[in-house]
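Chain by chain, the residues:
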Amino acid sequence: MNKNFGFIGIGLIGGSIAKTLRKVYPDCTISAYNRGEDARIQAKADGTANVVTDKVDDTFKDCDYIFLCTPVEKNTEYLQVLKDIIKDDCIITDVGSVKGNIHKVVAELYMEDNFIGGHPMAGSEKTGYENSHNHMLENAFYAITPTEKSPADKVDEYKQIVTDMGAIPIIFTPEEHDHTVATISHLPHLIASSLVNLVKDNDSKEEYMKTLAAGGFKGITRIASSSADMWEQICMTNSEEISKMLEKYIESLSEVKDELDNHRAKEIHDMFVESKDYRDNIDNLSNSIILNHFTLFCDIVDESGAIATIATILATNGVNIRNIGIVHNREFEEGVLRITFHKQDDADKAYEQLVKHRYNVIKRYE
């Protein structure tokens, strides 16, 4: 597909989409604006962008698609600038995790013919172009929210672009999208952050909680490491939907507290059973708002060459490793090597090979 793509912002998500488009459409033209100079220099130097600029100007007048990849409140400001620049059949899309506010601005600007909302359900707790990569979207759900006037052929083409990037397109209304992500993404971030602060505020002066925090605590609070600025804007632009679900969550916690206070063991047990059954049926192959972690924990002997031996086993069997390192807090009884993978296929293959070589291995897919 020999298209002309524009990017307003090339941080983690914008950079990853641009790199992916370069990979799947090597002959495409990519023009990129970014406020910071370092990302512009990197994008030009690594061949991702054909043109980089520090202004949103006529550089984008020939674009077929323009991706708005700045914070959600800034995206609406750039719409007003682009309105007088783009060609008649250009489609502007965004990657924001809230859709209602930008659709409202699009309608106010009479730009519904030129807009299709987008939200790649992928990411990382890391930020910036330097952490972007061309496989961020693999197997990730990609929400698409057309307007009532989005041309049908453009919606179909956009779906194909998303598919070609390795993601899974799903069509939503903006309202359906915002209600869904408020529940599965935005509220969990608030919960994770408040839980971390609960530990911080109630720890002893010896910091035993902080020292011993591992396993489950780290797993459910990992997303608390995400950008505070980004999540402040998300919460402020989707506050109504988040508040609705937060109220329901508070009610459910009150019920749990009451069951604990009155030692109603059956109700507590039933809660664990119900949540386990539902959680076990969530498709681990799909990506989330934070990149999925496919992790193996492998017991090793604390001796020279132990890690190199495992790395050799995996490399000779064509397994791609995302990261590898020692678990210093000793969640398990022996010395433990933590190996993470981008894809479940690689994690499954690694598990098979390591077990074959008589290593004790534990899977943890998040």
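Described below are features of the structure shown in this document. Treat the numbers as computed from the prediction; the structure is a model and nothing was measured. (Residues numbered from 1 in each chain as written. Predicted model: local features only at pLDDT ≥ 70, side-chain atom pairs only at ≥ 80, totals over all residues. Heavy atoms only, no water.)

1. Some words on the packing of aromatic side chains
Logical step 1: For the structure shown, the criterion picks out seven aromatic pairs.
Logical step 2: An aromatic cluster of at least three residues, connected via ring pairs, comprises F5, F7, Y25, Y65, F67, Y142 and Y158.
Logical step 3: Here K19 stacks its cationic end above the ring of Y129, 4.3 Å away from the centre of that ring.
Logical step 4: Looking at K363, its charged tip hangs above the ring of Y351, at a distance of 4.6 Å from the centre. (Phe/Tyr/Trp six-rings, centres within 6.5 Å; stacked < 30°, edge-to-face > 60°. Lys NZ or Arg CZ within 6 Å of the ring centre and 35° of its normal.)

2. Thoughts on the pattern of salt bridges
Working definition: two side chains of opposite charge can pair if their charged atoms are close together.
Logical step 1: Overall, the coordinates contain 16 salt bridges when judged by the stated rule.
Logical step 2: For K55, the salt bridge identified is with D54, shortest N-O distance 3.4 Å.
Logical step 3: A salt bridge links E112 to K149; the shortest N-O distance between them is 4.0 Å. With a gap of 37 residues between them, E112 in the loop between α4 (100–108) and β6 (116–120) and K149 in the loop between β7 (141–146) and α5 (152–164) connect regions that are remote in the sequence.
Logical step 4: With relative accessibility at 21%, the residue E112 sits in the partly exposed group.
Logical step 5: Through salt bridges with shared partners, a single ionic network connects K3, K154 and E157. (Salt bridge = Lys/Arg side-chain N within 4 Å of Asp/Glu carboxyl O. Helix = DSSP H or I, 4+ residues; strand = E, 2+ residues; numbered from the N terminus. Buried < 20%, exposed > 50% of the residue type's maximum accessible area, 1.4 Å probe, protein only.)

3. A look at the sheet that holds β7
Logical step 1: Ordered by their spatial adjacency, three strands build an open sheet running β6-β7-β8, and the pairing between neighbours is mixed. Sheet topology places β6 and β8 (168–171) at the edges, where each strand pairs with a single neighbour. For this sheet, the mean angle separating the axes of adjacent strands, direction not counted, is 25 degrees.
Logical step 2: Taken together, the four bridges between β7 and β8 define a ladder with parallel strand orientation. (Pairing = 2+ DSSP bridges. Axes fitted to C-alpha atoms, helices over the stretch in contact; angles between N-to-C directions.)

4. Some details on helix α2 (residues 37–45)
Logical step 1: Looking at α2, one finds that the buried residues are A39, R40 and A43. Buried residues along α2 cover an arc of 100 degrees about the axis, so they all sit on one side. Opposite the buried face of α2, by more than 90 degrees, sit the exposed residues E37, D38 and A45.
Logical step 2: Packed against the buried residues of α2 are β3 (51–53). (Arc of directions from axis to C-beta. Contact = heavy atoms within 4.5 Å.)

5. Some remarks on the pairing of strand β4 (residues 65–68)
Consecutive residues of a regular strand have side chains that alternate between opposite faces of the sheet.
Logical step 1: Alternating positions in β4 separate into two faces, Y65 and F67 on one and I66 and L68 on the other, with burial throughout.
Logical step 2: Looking at chain direction, strand β1 (residues 4–8) and β4 are connected through four bridges and run parallel. Along β4, the bridge assignment pairs I8 with L68.
Logical step 3: Relative to strand β5 (residues 91–94), β4 runs parallel, the two sharing four bridges. From the neighbouring strand, I66 faces β5, where its bridge partner is I92.
Logical step 4: Read from β4 through helix α3 (residues 72–82) to β5, the crossover connection turns out right-handed. (Right-handed = clockwise from strand over helix to strand, strands pointing away.)

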